[in-house]
Amino acid sequence: MASSPDQIPGQEYDYEALPSNYGLGHNMLAGAFAGIAEHSVMYPVDLLKTRMQILNPSTGGLYTGLTNAVSTIYRIEGLRTLWKGVSSVIIGAGPAHAVYFGTYEIVKEMAGGNVDDGHHPFAAALSGASATIASDALMNPFDVMKQRMQVHGSVHKSLMQCAKSVYRAEGLQAFYVSYPTTLCMTVPFTATQFVAYESISKVMNPKGEYDPFTHCMAGGLAGAFAAGITTPLDVVKTLLQTRGLAQSEEIRSARGLFNAAAIIKRQFGWSGFLRGMRPRIISTMPSTAICWTSYEMAKAYFKSLSE
């Protein structure tokens, strides 16, 4: 890779950060590209995860495993259903990931995470947590609509129709009732992911040179680890975001994180908090690699413009 005018000879830039002569706009464009690529490719697995997490006794037996879930969808609704609601993530993921990566780069630079010597787990955790707080504020309504369109037998056919229906029936709060729970999940998820990612990268690539193989392997392993330990909170989030479609009055009246968790424990026991763990891990591993690979691809393109 050729050096840019501001780059010190012989020094490679950390591939998680654009050079200093690149502005926030380039970071956000690269992040938007990464977000759309990640969510679009892995969307069918995300839909399966939602179906497996829904606490609906009438359909619970239909989605007890990945193979069973795919077979049921193919038999009853057709495979096109696996992409139902994808418009919500395409429209929402671009701006949300633009905010995510823009915030990430700013906070990481301020926290000293771009210094080329040593290990910086605190900077990685802080920048990742800050980024997810900002991006989730934008993405949460789209995530609510996505899951409303993903559930079995959903009457929502389009993003606008879903938004209007949810707003009329439950008000604006329905789009943010899960936001505190989402943050409780995504902040530790992102912090854990970035700390694990940086740590694994240091072990696999101690010289800190750009290596796509290391990038994919470290990202996938870090994402899988973080996804596994935060699955219980993801189940709680799904209950809150789809409560308006539930048959159970108890679920329909769920008020927040602790109340939703109590409902899950009461109806399904401790195992209820692990529903959808396999598809969550399976989707997170490649999606992490896709996200960072796409982000790096976009950054490489921007760098090539000045070479």
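Along each chain, the written sequence defines residue order, and numbers are assigned to residues from 1. Confidence filtering applies because this is a predicted model: local features only for residues at pLDDT of at least 70, side-chain atom pairs given and counted only at 80 or more, and all residues used for totals across whole chains, interfaces and linings. Excluded from the side-chain calculations are hydrogens and water; all other atoms, namely the structure's heavy atoms, are used.

Caption draft 1: Geometry of the overall build of the protein. A run of DSSP states H or I qualifies as a helix once it reaches four residues; a run of E qualifies as a strand once it reaches two. Both are numbered from the N-terminal end. Helix and strand counts for the protein come out as twelve helices and zero strands. Of the regular secondary structure in the protein, the N- to C-terminal order runs α-α-α-α-α-α-α-α-α-α-α-α. Relative accessible area decides the class of each residue, using a 1.4 Å probe on protein chains only: under 20% of the type maximum gives buried, over 50% gives exposed, and in between gives partly exposed. When burial is assessed residue by residue, the protein has 53% of its 307 residues classed as buried. Within the protein, contacts between residues separated by at least 24 positions form 76% of all contacts whose residues are at least 6 apart in sequence. We get accessible surface area from the Shrake-Rupley algorithm with a probe of 1.4 Å; when it comes to residues, only the shown protein chains can shield them. Accessible surface, the protein: about 13,900 Å² in total, of which carbon and sulfur atoms supply 66%. We call two residues in contact when some of their heavy atoms are within 4.5 Å.

Caption draft 2: Just the pattern of salt bridges, in detail. Any carboxyl oxygen of Asp or Glu within 4 Å of a side-chain nitrogen of Lys or Arg constitutes a salt bridge here. Enumeration according to the criterion identifies nine salt bridges in this entry. In this structure, Asp46 and Lys146 form a salt bridge, with 2.8 Å as the shortest nitrogen-oxygen distance. One end of the pair, Asp46, is in helix α2 (residues 43-53); the other, Lys146, is in helix α5 (residues 121-150), and 100 residues separate them in sequence. With a relative accessible area of 6%, Lys146 lands in the buried category. Note that Asp143 and Lys146 form a salt bridge whose closest N and O atoms lie 2.8 Å from each other.

Caption draft 3: Representation of a nonpolar patch on the surface in the model. Candidates for patches are residues over 30% relative accessible area with no salt bridge; among them, like charges are joined within 9 Å and nonpolar side chains (Val, Leu, Ile, Met, Phe, Trp, Tyr) within 5 Å. Taken together, the side chains of Val203, Met204, Phe213, Met217, Leu221 and Met285 make up a nonpolar region of the molecular surface, amounting to roughly 560 Å² of accessible area. Among the secondary structure elements, those contributing two or more residues to the nonpolar patch are α7 (179-204) and α8 (212-229). When residues in the nonpolar patch are grouped by element, the largest group, three residues, is from α8. With respect to the helices, strands and loops of the structure, Met204 is situated in helix α7.

Caption draft 4: Highlighting the packing of aromatic side chains. Each Phe, Tyr or Trp ring (for Trp, its six-membered ring) is paired with any other whose centre lies within 6.5 Å, and the angle between the two planes then decides the class: stacked below 30 degrees, edge-to-face above 60, tilted in between. Under the criterion given, the structure shown has two aromatic pairs. Consider the rings of Tyr176 and Tyr179, whose centres lie 5.9 Å apart with planes at 85°: the pair is edge-to-face. Tyr179 sits in the buried class, given a relative accessible area of 18%. Consider the rings of Trp270 and Phe273, whose centres lie 5.9 Å apart with planes at 35°: the pair is tilted. Judged by its relative accessible area of 64%, Trp270 falls in the exposed class. Take Phe273: its relative accessible area is 11%, and that puts it in the buried class. As a reminder, the over-ring test applies to NZ of lysine and CZ of arginine, requiring each to be within 6 Å of the ring centre and within 35 degrees of the ring normal. Directly above the aromatic system of Phe268 lies the positively charged group of Arg275, at a separation of 4.5 Å from the ring centroid.

Caption draft 5: Just the packing of α2 against α5, in detail. Close contact between α2 and α5 brings their axes to 9 Å; oriented N to C, the two are set at 75°. Classified by the interaxial angle, the pair formed by α2 and α5 is roughly perpendicular. Contacts between α2 and α5 pair Tyr43, Asp46, Leu47, Lys49, Thr50 and Arg51 from the former with Lys146, Gln147 and Gln150 from the latter. For this scheme, ten residues count as nonpolar: Ala, Val, Leu, Ile, Met, Phe, Trp, Tyr, Cys and Pro. Four count as charged, namely Asp, Glu, Lys and Arg, and the remainder, Gly too, count as polar. Across the contact of α2 with α5, the residue classes break down as two nonpolar, three polar and four charged. Angular values range over 0 to 180 degrees, each being the angle between N-to-C directions of two axes fitted as lines to C-alpha atoms, with helices fitted over their stretch in contact. Our angle categories are set so that under 35 degrees counts as roughly parallel, over 145 as roughly antiparallel, 65 to 115 as roughly perpendicular, and the remainder as oblique.

Caption draft 6: Molecular detail of the side chain of Thr132. When you line up the elements, Thr132 lands in helix α5. Judged by relative accessible area, Thr132 falls into the buried class, the value being 3%. Among the polar contacts made by the side chain of Thr132, one reaches the side chain of Thr186 at a distance of 3.4 Å. Once residues lying within four places of it in the same chain are set aside, the contact partners of Thr132 are Tyr100, Leu183, Thr186, Val187 and Thr190. In the analysis that follows, any N or O atom pair within 3.5 Å is treated as a polar contact, provided that within protein one partner can donate a hydrogen and the other can accept it, and provided that, for residues neighboring in sequence, both atoms belong to side chains.

Caption draft 7: Seen up close, the nonpolar core. Only buried residues count toward a nonpolar core, which is a set of Ala, Val, Leu, Ile, Met, Phe, Trp, Tyr and Cys residues joined through side-chain atoms within 4.5 Å. With 23 residues, the main nonpolar core has Leu48, Ile73, Met139 and Met145 as its most contacted residues. Those elements giving two or more residues to this core turn out to be α2, α3 (66-76), α4 (86-110), α5 and α6 (159-170). Leu240, Ala246, Ala261 and Phe273 belong to the second largest nonpolar core, which has 13 residues in total.

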